[in-house]
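Listed below, chain by chain, are the residues.
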Amino acid sequence: MGNKQSVFTESQLETYQDCTFFTSKEIMTLYRRFHSLSPNLVPTDMKEDDKSLIKVPYEDIINMSELRENPFKRRICEVFSEDGDGSLSFDDFLDMMSVFSDSAPTDLKAYYAFHIYDFDQDKFLGKYDLEQTLKCITREELKASEVQLIVNQVLHEGDLDDDGKLSYIEFEHVISRAPDFLSLFHIRV
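Note that this is a predicted model, so its numbers are computed, not measured. (Residues numbered from 1 in each chain as written. Predicted model: local features only at pLDDT ≥ 70, side-chain atom pairs only at ≥ 80, totals over all residues. Heavy atoms only, no water.)

Asker: I'd like to hear about the overall build of the protein chain, residue by residue, with values.
Answerer: Counting secondary structure elements, the protein chain contains 11 helices and 2 strands. Along the chain direction, N to C, the helices and strands of the protein chain fall in the order α-α-β-α-α-α-β-α-α-α-α-α-α. In terms of its C-alpha atoms, the protein chain occupies a principal-axis envelope of roughly 65 × 30 × 25 Å. When the accessible surface of the protein chain is totalled, it reaches about 11,000 Å², and 51% of it is carbon and sulfur. Placing the 20 positive and 37 negative side-chain charges of the protein chain at their respective mean positions leaves the two points 6 Å apart. (Helix = DSSP H or I, 4+ residues; strand = E, 2+ residues; numbered from the N terminus. Areas by Shrake-Rupley, 256 points an atom, 1.4 Å probe, with all protein chains shown as cover. Lys, Arg positive; Asp, Glu negative; His and termini not counted. Charge placed at Lys NZ, Arg CZ, Asp CG, Glu CD.)

Structure (C-alpha cells):
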C-alpha cells in the first residue's frame, strides 16, 4: 500500500473511534480543524504521548464559527476542559465535538447540558444557575423581574422535591417536556 502518513497510530485512531461517535475519516477532519485553531502550537503528528498534552487556549477555541456566537461558549469550554480552565487538548476537543454530534444519544446531551448550566458547579441547578442560564439565552435582554418570574416558574414546575433547586433527574424531566431542546444541542462536523 502507499506510504500515506498518518497523524495518529492505528491504535490511537481505533481508541478515538471506540470512545466517540465518529469514523476515522471524521476524526481526521476534526484533527485538521483542531490544528487550524492554533497551527503554531498543535503538531502535525500526534503519535508521541507527550504531544497529546498540548492544549489550545480558550481564546483560540472560541474562534470556531460554531462557538463564536454561542452565549455558553465559556461554560462549554470549561466543562469539556480537563482542568476546567477552558483550554482544550485534542482529547477534550474530540469529546466536546462528539457530545455535540448528531449521533450522540439524548441522555448524553442532557448530562452535558446540565453541567454547562451548573454555573456554580454544585451538581444542582439553583436560582443562580437558572438566572445565569436565562441571561445567556436572552443575552441579558430581560428585566430582572422577568428573569425572576421565569426562574420561579421553572422551579415551581420542575422542583419535584421542593428543595429550591433542580437535581439532574428533575432537569431531565423538565427538558423531556421540551422536545426541541436537545435537537438544538449539536455541532455539525
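Additional details are given in the paragraphs that follow.
Asker: Tell me about the nonpolar core, and please be specific about residues and values.
Answerer: Soluble, globular proteins show a tendency: their nonpolar side chains are buried together. Membership of the largest hydrophobic core comes to 50 residues, with the highest contact counts inside it found for F8, F90, F93 and M96. Ignoring anything within four residues of it in the chain, the contact list for M96 reads M64, L67, I76, F80 and L88. (Core = buried A, V, L, I, M, F, W, Y, C linked by side-chain atoms within 4.5 Å. Buried < 20%, exposed > 50% of the residue type's maximum accessible area, 1.4 Å probe, protein only. Contact = heavy atoms within 4.5 Å.)

Asker: How would you sum up the layout of surface pockets? Please name residues and give values.
Answerer: Approximately 790 Å³ is the volume found for the largest pocket. Going through the elements one at a time, α4 (65-68), α7 (106-117), α8 (127-138), α9 (144-158) and α10 (168-176) are the ones with two or more residues in the lining of the largest pocket. Per element, the largest residue contribution to the lining of the largest pocket is 6 residues, and it comes from α9. Looking at the lining of the largest pocket residue by residue, the class counts come to 22 nonpolar, 5 polar and 3 charged. (1 Å grid on protein atoms, 1.4 Å probe; cavity = no way out; pocket = protein on both sides within 12 Å on 5 of 7 lines; lining within 4 Å. Points joined across faces, edges and corners; volume = space filled by probe spheres on them. Nonpolar A, V, L, I, M, F, W, Y, C, P; charged D, E, K, R; others polar.)

Asker: Any chance you could break down helix α6 (residues 90-99) for me, citing the residues and the numbers?
Answerer: Along α6, 8 of the 10 residues are buried, which leaves the element largely enclosed by surrounding structure. Within α6, the full set of buried residues consists of F90, D92, F93, L94, M96, M97, S98 and V99.

Asker: Which residues make up the side chain of Q12, and what are the values?
Answerer: Looking at the secondary structure, you find Q12 in helix α1 (residues 10-19). Here T9 takes part through its backbone nitrogen, which lies 2.7 Å from a polar atom of the side chain of Q12. Discounting chain neighbours no more than four positions away, the residues touching Q12 are M46 and K47. (Polar contact = N/O pair within 3.5 Å; in protein donor to acceptor, adjacent residues only side chain to side chain.)

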